[in-house]
Amino acid sequence: MATLTPMGKPNIEHANPLARTMLAKLDYDQLTNCMRCGFCLPACPTFRETGLEPESPRGRIALMKAVADGLMDPDQVFQDQMNHCLGCRACEPACPADVKYGQLIEQARDAIEDHAEHPAAVKGLRKLAFKGVFPHQSRMKWVGRSLAAYQKSGLRSIVRGSGLMKLFPAHMRDMERILPDASGKGVVERVGTLYPAKGEKIATVALFRGCIMDVMFAETNVNTVKLLAEAGFEVVIPSEQGCCGALHAHSGEMEQARALARANLDAFKAADVSYIVSNAGGCGALLVEYDHLLSEDPEYRELAAWFASRVIDVSRLLAEQGRLPVFEETDEHASTGPIRITYQDSCHLRNVMKSGDAPRKLMRQVANVSFIEMKEADRCCGSAGIYNLTHPEMAGQILEHKMEHANDTGARYLLTSNPGCLLQMKAGVEKHGAGEQMEVKHVVDFLYERIAERQE
């Protein structure tokens, strides 16, 4: 039986280099906290699809521990299984032992990437995306301007008509069809770095604008600022902020994620704000864990704790402290009956930020709206960052089941709180929708449009 080091880890000389890295990076206490009770099994999307033990959080933790204990080598099958997890973290609220599974899967992927031998094309794409584009907001804006030109110049119609898109896999073609209108002008370019509250100011808050959000969903960022102002909040937008690092952390690029976190802390540290507001569940889930991400960084540890303690989703802030105007019934709505809406949870908003009830509370405040709770709305939609691009078959299976429940609601609007979820559900409506009546929107956009209607 192996002895333990002072850090509580097995005192084993691993022959496999990746196994040594796994042992060094994994939180062994979290591995041993798993009681193998099985409460996580029904919460896990991949286990529900396959029924296979290795496809569950309990199974993946057992595999990690077997590698750490020297009982197995981290072969390609092991590595693929670590990457097959969606990272939705639905297992964490279900776990009676409070195992931090999300941290474990990120540590495992971080170790794997240290030794990964990707094909040249994959290696080049990862370097371009994770180091060349996402960390640089100016380059993201250039991507936005280029994509906007493609969309508005007529080139998109020419490409589609030429059949060129048939050269791409089906899931890539599906995603191209539902891309929103991109822009090179983000929220700062549109509203400035300070936006005043309407009426008596409740508090000053800072908006985390994101990188993809500010290029592909810039209008949602603008509507977030205006909605916060309507509710009584003064909004500041630090212009030096950048990518949160979530995609990096989920993809095994932990050092790059920490570098991005430090840059954001520097951008926000001068802001004298009560809250740091996120409108994307995936971003918010990492922002609220910056304290964990930089827990071993003596220079940034305290600042990271200050930052994380102030991160809040826009829906929760509005629901708990906002002063939104009363939504009144319009004559038009009175004659046509209530608008049926439903909601698809952002996994990270619900499971990590613990704010799943807030969007529902806001939606129920809107007059002449009938909110229909979707069956299994808390189940992952299959987006999971870029999972729908890297694992399209599993993501497609999950989405097909999700759309069965969405169609059953008969909703006119399907709302969500995360850009990836929004695109995934748009793809689902286009591919599996019952008719063309359903429209997918961000909760913020839906609420602001209802207010704007009253002000016209």
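Residues numbered from 1 in each chain as written. Predicted model: local features only at pLDDT ≥ 70, side-chain atom pairs only at ≥ 80, totals over all residues. Heavy atoms only, no water.

(A) Spatial organisation of the overall build of the chain. In terms of helices and strands, the chain carries 27 helices and 9 strands. Its C-alpha atoms give the chain a radius of gyration of 22 Å, near enough to 23 Å, the size a compact globule of 456 residues would have. A principal-axis box enclosing the C-alpha atoms of the chain has dimensions of 75 × 50 × 45 Å. For the chain, buried positions account for 55% of its 456 residues. For the chain, contacts bridging at least 24 residues in sequence account for 77% of all contacts bridging at least 6. Surface accessibility of the chain: about 20500 Å² in total, with carbon and sulfur atoms responsible for 52%. (Helix = DSSP H or I, 4+ residues; strand = E, 2+ residues; numbered from the N terminus. Rg over C-alpha atoms; globule rule 2.2 N^0.38 Å. Buried < 20%, exposed > 50% of the residue type's maximum accessible area, 1.4 Å probe, protein only. Contact = heavy atoms within 4.5 Å. Areas by Shrake-Rupley, 256 points an atom, 1.4 Å probe, with all protein chains shown as cover.)

(B) Structural context of the packing of aromatic side chains. Considering all chains together, one arrives at 4 aromatic pairs under this definition. Ring centres of Phe 268 and Phe 307 lie 5.5 Å apart, and the angle between their planes is 80°; this geometry places the pair in the edge-to-face category. Taken as a pair, Phe 268 in helix α16 (residues 254-268) and Phe 307 in helix α19 (residues 301-310) lie far apart in primary sequence, 39 residues in all. Judged by relative accessible area, which is 0%, Phe 307 ranks as buried. One aromatic cluster in this structure is built from Phe 208, Phe 268, Tyr 290 and Phe 307. The ring of Phe 446 is capped by Arg 450, whose NZ or CZ atom sits 4.4 Å from the centre of that ring. (Phe/Tyr/Trp six-rings, centres within 6.5 Å; stacked < 30°, edge-to-face > 60°. Lys NZ or Arg CZ within 6 Å of the ring centre and 35° of its normal.)

(C) Quick peek at unusual backbone geometry. The backbone phi angle of Arg 36 is positive, close to 60°, even though this residue is not glycine. Looking at the secondary structure, you find Arg 36 in the loop between α2 (28-33) and α3 (45-50). Classification of Arg 36 as partly exposed rests on a relative accessible area of 45%. Residues other than glycine seldom take positive phi values, yet Lys 354 does so here, at roughly 55°. Inspection of the secondary structure assignment puts Lys 354 in the loop between α22 (347-351) and α23 (357-363).

(D) How the structure looks around the sheet that holds strand β9 (residues 439-442). Here we have 4 strands laid out as an open sheet, ordered β7-β6-β8-β9, and parallel in their pairing. The two strands at the open ends of the sheet, each matched to only one other strand, are β7 (369-371) and β9. Ignoring which end each strand starts from, the neighbouring axes of this sheet average 30° apart. As defined by bridge partners, strand β6 (residues 339-343) adjoins strand β8 (residues 413-416) across 3 bridges and the pair is classed as parallel. Its bridge partner being in β8, Thr 342 is matched across the sheet by Leu 414. Against the sheet, helix α26 (residues 419-432) contacts β8 and β9, and its axis sits at roughly 175° relative to β9. (Pairing = 2+ DSSP bridges. Axes fitted to C-alpha atoms, helices over the stretch in contact; angles between N-to-C directions.)

(E) Quick look at the packing of helix α1 (residues 17-25) against helix α7 (residues 101-115). Contact geometry of α1 with α7 gives a least axis separation of 9 Å together with a crossing angle of 145°. The interaxial crossing formed by α1 with α7 has right-handed handedness. Each of Pro 17, Leu 18, Thr 21, Met 22 and Lys 25 in α1 lies in contact with α7, whose residues at this interface are Gln 107, Ala 108, Asp 110, Ala 111, Ile 112, Asp 114 and His 115. Counted by class, the contact of α1 with α7 contains 6 nonpolar, 3 polar and 3 charged residues. (Left-handed = near helix turned anticlockwise from the far one by under 90°. Nonpolar A, V, L, I, M, F, W, Y, C, P; charged D, E, K, R; others polar.)

(F) Expanded view of helix α4 (residues 57-68). With 12 residues, α4 ought to run about 16 Å at 1.5 Å a step, and its terminal C-alpha atoms sit 16 Å apart, in line with that. A large share of α4 lies buried, amounting to 9 of its 12 residues. Where α4 is buried, its residues meet α1, α2, α3, α5 (76-84), α6 (91-94) and α7. (Expected span 1.5 Å × (residues − 1).)

(G) Layout of a nonpolar patch on the surface. There is a patch of nonpolar side chains on the surface, built from Leu 164, Leu 167, Phe 168, Met 172, Ile 386 and Leu 389 and spanning about 520 Å² of accessible area. Assessed through its relative accessible area of 34%, Met 172 is described here as partly exposed. (Patch = residues over 30% accessible without salt bridge, like charges linked within 9 Å, V, L, I, M, F, W, Y side chains within 5 Å. Salt bridge = Lys/Arg side-chain N within 4 Å of Asp/Glu carboxyl O.)

(H) Quick look at the nonpolar core. Within the largest apolar cluster, 97 residues are counted, with the highest numbers of intra-cluster contacts made by Leu 228, Tyr 290, Leu 318 and Ile 341. Of all the elements, α16 adds the most residues to this core, at 7 residues. With residues up to four places along the chain from it excluded, the contact list for Leu 228 reads Val 205, Phe 233, Val 235, Val 277, Val 314, Leu 317 and Leu 318. Leu 18, Val 67, Cys 85 and Leu 104 belong to the second-largest nonpolar core, a separate cluster that totals 27 residues. (Core = buried A, V, L, I, M, F, W, Y, C linked by side-chain atoms within 4.5 Å.)

These figures capture arrangement, not role.
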